[in-house]
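What follows is each chain in one-letter form.
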Amino acid sequence: MSSKEESCLTLASGFSFDYGNLYGAGKVTASDVEELAEKLAAAQKAVETMRATGEVRGHLSKDGTPERVLFTQLPYVAEGNLNSPASIARLKEFGSSLKNTVDAVVTFGIGGSYLGNKVLFDVHCGEFWNAKSVKERNGYPKLYFNGNNIDARRTADMVEHLIAEARLKAVHGQPNSYKVVLVVISKSGGTLDTMSTFMVMYDALKQQEPLLNIEVVAVTDPAKGEKATLLGKLAQEQGWPTFSVPDGVGGRFSIFSEVGLVTAACIGMDIDAFLAGAQAMDQACQTSDIYKNPAKLNAALKFIAAEKYGRDIEVFMPYADYLKSVAEWYVQLLAESLGKRTSREGAEVFYGRTPIVAVGTTDMHAQTQQHQDGKKDKVVQFVKVVKWEQDAVIPDVFPAVSKLSEISSIYLSQALDVAREANAEALINDERFNATLILPSLNAYHLGELLYMLALSVAYEGELANVDAFDQPGVEAYKRLMGPRLKALKK
Ligand SMILES: O=P(O)(O)OC[C@H]1O[C@H](O)[C@H](O)[C@@H](O)[C@@H]1O
């Protein structure tokens, strides 16, 4: 099992996990994995139970009551499920209703209410979406993100920018027709970052009426009455349409729920393909054979790499600019799921692998020195895209300059891949563990596979490390200090 060809798990779709530089002699060995057999069998059972019933041993909600974990249901669109045919149809209708009628959408959210949405935007829209014409955007609106920080300058800039756009439209003969939809996303419904920037922008843009028209959509916990979130109550009072962050789906798993799908709908991304990719991955991960189950294998190898070989930093390094946000999404997933002070029985364990964001080739010119020569405490997780939709050949524009002429006639994607391969090989030549996730192309389906595999992987690793992968009690410490200080400021 240690030869290169055997150390690559490939699914029917072509999605692969190449773990040859993480597994074998001098790396995590087959006997390391065998030694873990008992824990792996228990983890398999626990994940199966979670999938069937939502029950996860020891998992409690913020208020200390047992809470189900339901994200594994999200890829399955069915009557009575969290994503039902009716809910998906409603999302699509919402997306269509924006076409050629809404100029810009601003989504407000942070953490799990932002990071996944940014991934979908980057992969579907790329960097220049907002600079494209309505026709080039297929009628869909421009899309901006806010609330993912409390940044006064950027928030003011965004207000100014939207007003300038509305004025420009007026100058071009369409006065008072600029329409903005503010999509406010918060599971808890009261997050400072999200709500403060929303309130600033809502007020500033409202003051510009009728130059601008504002509509608000809320995405929050669907509880009604007394239990409704602050955002939910506000939406009810103001008559704003709402979408749900369902019970049992934590923020960092919510990309497959209406949280992520509402953004997908706003930009015309293929929701069905995205969920189909996630579903295919969920099915692939139902086998107990670790060498056929990508999420379980990833979890086991990384867990052993950390516990036995001290490699408890994971550098997530896609070779693609538009996948940088996947690395940022993964930071929350790994940090909040596995960075835990105590085991499920309450003993201090201080578990966790520290996530680092990197992008190839960019960070080969910045971080790689450290990965290659620094402490041997990392696993570098590469992501490779096989087929690029656009791919330029480097032209021989300066034939007299031999160094430049030498790289001509090569595709940019080939140069990128050679760089990745060389990086991976140089690292493993010095026993620096790495692995590569391979996407046949950058589309909604393979993105669904990738994100779901990573989400399910932390569920397995939580079991192996015996920590609750679905809470985040550590984030309450600063919140307890912050609350009274905010109140004091008001006085
Ligand atoms: O969706 P919200 O309730 O606004 O929460 C946004 C984020 O807030 C906190 O920081 C939590 O630690 C995150 O897990 C969560 O994703």
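Labelled according to an unreviewed UniProt entry, the protein chain appears under the name Glucose-6-phosphate isomerase, originating from Pelosinus fermentans B4. The record in UniProt for the protein chain states the following under Sequence similarities (unreviewed entry): "Belongs to the GPI family." According to its UniProt record, the protein chain has this under Function (unreviewed entry): "Catalyzes the reversible isomerization of glucose-6-phosphate to fructose-6-phosphate."

J.: Go over the sheet that holds strand E6 (residues 212–220), please, and point to the residues and values.
T.: What the 5 strands build is an open sheet, ordered E4-E3-E5-E6-E7; its pairing is parallel. Two strands lie at the open edges of the sheet, namely strand E4 (142–146) and strand E7 (242–244), each paired on one side alone. On average, adjacent strands in this sheet sit at an angle of 20 degrees to one another, irrespective of strand direction. In this structure, E6 lies alongside E7, joined through 3 bridges in parallel fashion. When the sheet's bridge partners are listed, Val-219 is paired in E7 with Phe-243.

J.: Quick rundown of the UniProt feature "active site" (unreviewed entry) in the protein chain? Include the residues and the values.
T.: Look at the UniProt record and you will see "active site" (unreviewed entry) annotated at Glu-336, His-365 and Lys-479. Spatially, the listed residues are scattered: they cover 144 residues, and their C-alpha atoms lie as much as 37.1 Å apart. Checked against the element boundaries, His-365 lands in the loop between strand E11 (354–357) and helix H12 (368–373).

J.: I'd like a description of the sheet that holds strand E2 (residues 16–18), backed by residues and values.
T.: Taken together, the 6 strands give an open sheet; going across it, the order is E1-E2-E13-E12-E8-E11, and neighbouring strands pair in mixed fashion. The sheet is open, and its two borders are formed by strand E1 (8–10) and E11, each paired with just one other strand. When the angles between neighbouring strand axes are averaged without regard to direction, this sheet yields 15 degrees. Taken together, the 6 bridges between strand E8 (residues 313–318) and strand E12 (residues 378–387) define a ladder with parallel strand orientation.

J.: Describe in detail the domain arrangement of the protein chain, supporting the description with residues and values.
T.: Domain parsing of the protein chain yields domain 1 (8–56 + 274–475) and domain 2 (83–245). Its C-alpha centre places domain 1 at a distance of 32 Å from the equivalent point of domain 2. On the side of domain 2, 10 residues touch domain 1, which itself brings 9 residues to the contact. Per element, the largest residue contribution to the side of domain 1 that touches domain 2 is 5 residues, and it comes from helix H11 (residues 324–338). Its residues placed into classes, the side of domain 1 that touches domain 2 shows 6 nonpolar, 2 polar and 1 charged.

J.: Before we move on, could you go through helix H5 (residues 152–171) and cite the residues and values that matter?
T.: Between its terminal C-alpha atoms H5 stretches 29 Å, which fits the 28 Å expected from 20 residues at 1.5 Å a residue. Turning to H5, its buried residues number three or more, namely Met-158, Leu-162 and Ala-166. Within H5, the buried residues cover an arc of 70 degrees as seen down the axis, which keeps them to one side. Seen from the buried face of H5, the exposed residues on the opposite side, beyond 90 degrees, are Ala-152, Arg-153, Asp-157, Glu-160, Ala-164, Leu-168 and Val-171.

Parameters at a glance
Residues numbered from 1 in each chain as written. Predicted model: local features only at pLDDT ≥ 70, side-chain atom pairs only at ≥ 80, totals over all residues. UniProt positions renumbered as here; feature names shortened; annotations may be inferred. Pairing = 2+ DSSP bridges. Helix = DSSP H or I, 4+ residues; strand = E, 2+ residues; numbered from the N terminus. Axes fitted to C-alpha atoms, helices over the stretch in contact; angles between N-to-C directions. Domains from an automatic or database assignment. Contact = placed C-beta atoms within 7 Å. Nonpolar A, V, L, I, M, F, W, Y, C, P; charged D, E, K, R; others polar. Expected span 1.5 Å × (residues − 1). Buried ≥ 20, exposed ≤ 12 C-beta atoms within 10 Å, placed from the backbone. Arc of directions from axis to C-beta.

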